Every structure is written in C-alpha cells, then in structure tokens.
Amino acid sequence: MALEIIVVPCRQDNYGYLLRDMETGAVASVDAPEEAALVAALEERGWGLDLILLTHHHEDHVDAVGPLRARYGAKVWGAAADAHRLPKLDRDLKEGDEAALGASVSRVIDVSGHTVGHIAYAFEGAVFTADSLMALGCGRLFEGTALQMWGSLSKLMALPKETLVYSGHNYGASNGRFALSIEPGNAALQDRVRRIAEADAAGAPICPVTLEEELATNPFLRATEESVKAAVGLSGADDAAVFAEVRRRKDVF
Ligand code: ZN
Ligand code: FE
C-alpha cells in the first residue's frame, strides 16, 4: 500500500487516523477527534497536515477541526449532505467521488444510518468507516433506519475481503460480549474476543482488522447467515430484517 497509516487513540475511546501518501508526503487526518493527541502524533514524526477527511458531524469526530486547520492550514473535506452542520468545508463530497491524498485515491461511499450523511473513504486496501461499520459492531441508529444502515453495510461488505477496516471507536469489549450472546459457538469470534482483551490489556489498538475477519465475526454483518437468523428467531427471514433485529437487541443489551 502506498499509504502509511498511524492509529492515534483519542479522547475516551475514539481512534484518530493519520495517513501519509508515501509518493508525495501529503498527510491527512481522518476526522479530528482530539487536538492534543493528533498534534503530538504529527510532531513526533515531523509531519504537517494537508487535509482533514470528515466522516460525519458528531462532536467527537469534528472537535479539533478548527485548531488543526488554524495550526497547519489543512483543507477540510466532508459530505455535501452534511455541509450545513459540519465545520466549513473546502470541498464537499458525495458517493462515488474520488478523494485523493497525493497519489492515493479513495472512493467516497455513503454509509448513512448512524447519521444521515455519514460517509466512508475506501482507499485501495484500507477503508475508513468511523461509526458505520465498527470493530465487531456497527454504529447506533441515531438518524437513519435499519434498512438504510443495512444498505450501507452491504456496500462495505462488497469491498475486497483483504481490505483493512479502520473504524471510529474501541467498543470492542462490549461488542464482543454482545456478539457472543448471538453466536456463542463461533470459534473465530471467540478467538477475536480473546485478542481484543489482550490488546486492551496491552493498551494496543483493536483496529484495523480485515473485512474478512469482520465478515466471520461481526454479528451485524452476519445477518446473512442462517445460523444468525435462527439465533434471533427469524429463520428464513431476509437479511435486512435480521440485521434490524440484531441492531434492536444490541440497543437493549
Ligand atoms: Zn458518531
Ligand atoms: Fe463517534
């Protein structure tokens, strides 16, 4: 991959990401959760900041946009649909647009559900999903419908299996407990939950993981599996209905 990607733990449980295009040296931040942590990570490497790629309007993703823009002169890109409630955008994006960092090009995917107007950035081999597809989970439906989120997840599920998924938070431990309540016998899930506990104990990030591993372990993506349909009492139901039921169960877990 022509991108160097740094995981920057921010706030309580957010992940910030710094991307450096190795061909041109251009640097971007995906979202701007916390000024101090991101500035420290940039300074440690002697990097500037050319671009901030926003995923959605929530405060824990945009809080440091103003200070980072002021400090580094970074341009700010985000969803056209959210332009009215994001910090001022230098470029607004919609599904299918190409958002390039130097020679590294991402495709913008609308992943509405957690919020309406949430976007993901799919580079070759790495997708930044924030609060849509999350590590072993998916974002809560604050604005969109279950059907909308299922459509969004389905687009992400169609990416190449080896794609690394970089999501917005570490909710791994609680997501793991929930996932095991749906699929207690899933060996890949048991193994992943064990590795998340080890990472948490070591203070190491739980992202990224491959899409392939998400597909094998994430109960929201596994709404396609007959075993999961049966586990939530919906044998034979369509995938979107099963997803909606898994999401409903997580809301009250
Ligand atoms: Zn959010
Ligand atoms: Fe968030």
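Preceding this section is the structure that the text describes.
**Student:** Could you give an account of the environment of Val228, with specific residues and numbers?
**Tutor:** Considering the arrangement of structural elements, one finds Val228 in helix H8 (residues 226-231). Residue classification places Val228 among the buried residues on the basis of a relative accessible area of 0%. Measuring from C-alpha to C-alpha, the distance between Val228 and Ala36 comes to 42 Å, with 192 residues separating the pair along the chain. Apart from the residues within four sequence positions on either side, Val228 is in contact with Ile182, Glu183, Pro219, Arg222, Ala223, Val242 and Val246.

**Student:** Residue-level account of the sheet that holds strand E14 (residues 209-210), with values.
**Tutor:** Within a sheet, adjacent strands bond to each other through the backbone by hydrogen bonds, running parallel or antiparallel. In space, the six strands of this open sheet follow the order E7-E8-E9-E10-E13-E14, with mixed pairing throughout. The two strands at the open ends of the sheet, each matched to only one other strand, are strand E7 (98-101) and E14. Examined bridge by bridge, strand E13 (residues 164-167) and E14 share two bridges and lie antiparallel to one another. Paired with Val165 across the bridge in E14 is Val209. This element, helix H4 (residues 146-157), spans strand E8 (104-110), strand E9 (119-123) and strand E10 (126-130) of the sheet and lies at about 150 degrees to E8.

**Student:** Residues and numbers for the packing of helix H5 (residues 172-182) against helix H6 (residues 187-202), please.
**Tutor:** One way to put it is that H5 packs onto H6 with a least axis distance of 10 Å and a crossing angle of 160 degrees. Classified by the angle their axes make, H5 and H6 are roughly antiparallel. For the element pair H5 and H6, the recorded crossing hand is left-handed. Contacts between H5 and H6 involve Gly172, Ala173, Gly176, Ala179 and Leu180 from the first element and Leu189, Gln190, Val193, Ile196 and Asp200 from the second. Its residues placed into classes, the contact of H5 with H6 shows six nonpolar, three polar and one charged.

**Student:** I'd like a rundown of the pairing of strand E2 (residues 14-21), residues and numbers included.
**Tutor:** Among the eight residues in E2, seven count as buried, and that is most of the element. In this sheet, E2 lies alongside strand E1 (residues 3-10) in antiparallel orientation, the contact comprising eight bridges. Each bridged residue has a counterpart across the sheet, and for Cys10 the counterpart in E2 is Asn14. The antiparallel hairpin formed by E1 and E2 contains three residues in its connecting segment, where Arg11 sits at a positive phi of about 50 degrees. Relative to strand E3 (residues 27-30), E2 runs antiparallel, the two sharing four bridges. For Arg20, the partnering residue across the bridge sits in E3 and is Val27. Linking two consecutive strands that pair antiparallel, namely E2 and E3, is a turn of five residues; a positive phi of about 80 degrees is found at Gly25 within it.

**Student:** Tell me about the environment of Leu133, and name the residues and values.
**Tutor:** The residue Leu133 is located in strand E11 (residues 133-134) in this model. Take Leu133: its relative accessible area is 2%, and that puts it in the buried class. Once residues within four sequence positions are removed from consideration, Leu133 is found in contact with Leu153, Leu156, Val165, Ser167, Leu211, Glu214, Asn218 and Leu221.

**Student:** Lay out the coordination of the iron ion (ligand 2) in plain terms, naming residues and giving numbers.
**Tutor:** The protein atoms that coordinate the iron ion (ligand 2) are Asp60 (OD), His61 (NE2), Asp131 (OD) and His169 (NE2), at distances spanning 2.1 to 2.4 Å. Coordination geometry of the iron ion (ligand 2): the four donor atoms subtend angles of 81 to 171 degrees at the metal centre, consistent with an arrangement described as irregular. Of note, the donors binding the iron ion (ligand 2) are all from one chain and are spaced D-H-x69-D-x37-H. The metal-metal distance between the iron ion (ligand 2) and the zinc ion (ligand 1) is 3.1 Å, with Asp131 coordinating both. An identical accessibility class is assigned to Asp60 and His61; each is buried.

**Student:** Could you give me a rundown of the nonpolar core, with the residues and numbers involved?
**Tutor:** Core analysis: the largest hydrophobic core is formed by 30 residues, its most contacted members being Ile5, Tyr17, Leu19, Tyr121 and Phe128. In contact with Phe128, not counting residues within four places along its chain, are Ile5, Tyr17, Leu19, Val30, Ala120, Tyr121, Phe123 and Tyr166. Listed in part, the 28 residues of the second largest apolar core include Ala120, Trp150, Leu159 and Val242.

**Student:** Tell me about the packing of aromatic side chains, residues and numbers included.
**Tutor:** Counted by the stated rule, this structure contains nine aromatic pairs. Look at Phe128 and Tyr166: their rings are 4.9 Å apart centre to centre, the planes differ by 20 degrees, and that puts the pair in the stacked class. A residue pair is termed long-range when its members are at least 10 positions apart, and Phe128 in strand E10 and Tyr166 in strand E13 qualify at 38 residues. Like Phe128, the residue Tyr166 is buried in the burial classification. Here Arg45 stacks its cationic end above the ring of Trp47, 5.8 Å away from the centre of that ring. Its end group placed over the ring of Trp77, Arg91 keeps NZ or CZ at 4.7 Å from the ring centre.

Scoring rules and cut-offs
- Residues numbered from 1 in each chain as written.
- Chains lettered and ligands numbered in written order.
- Predicted model: local features only at pLDDT ≥ 70, side-chain atom pairs only at ≥ 80, totals over all residues.
- Heavy atoms only, no water.
- Helix = DSSP H or I, 4+ residues; strand = E, 2+ residues; numbered from the N terminus.
- Buried < 20%, exposed > 50% of the residue type's maximum accessible area, 1.4 Å probe, protein only.
- Contact = heavy atoms within 4.5 Å.
- Pairing = 2+ DSSP bridges.
- Axes fitted to C-alpha atoms, helices over the stretch in contact; angles between N-to-C directions.
- Parallel < 35°, antiparallel > 145°, perpendicular 65-115°, else oblique.
- Left-handed = near helix turned anticlockwise from the far one by under 90°.
- Nonpolar A, V, L, I, M, F, W, Y, C, P; charged D, E, K, R; others polar.
- Donors = N, O, S within 2.8 Å, 3.2 Å for Na, K, Ca; no water.
- Tetrahedral: all angles 85-135°; square planar, octahedral: opposite > 155°, others 65-115°.
- Core = buried A, V, L, I, M, F, W, Y, C linked by side-chain atoms within 4.5 Å.
- Phe/Tyr/Trp six-rings, centres within 6.5 Å; stacked < 30°, edge-to-face > 60°.
- Lys NZ or Arg CZ within 6 Å of the ring centre and 35° of its normal.

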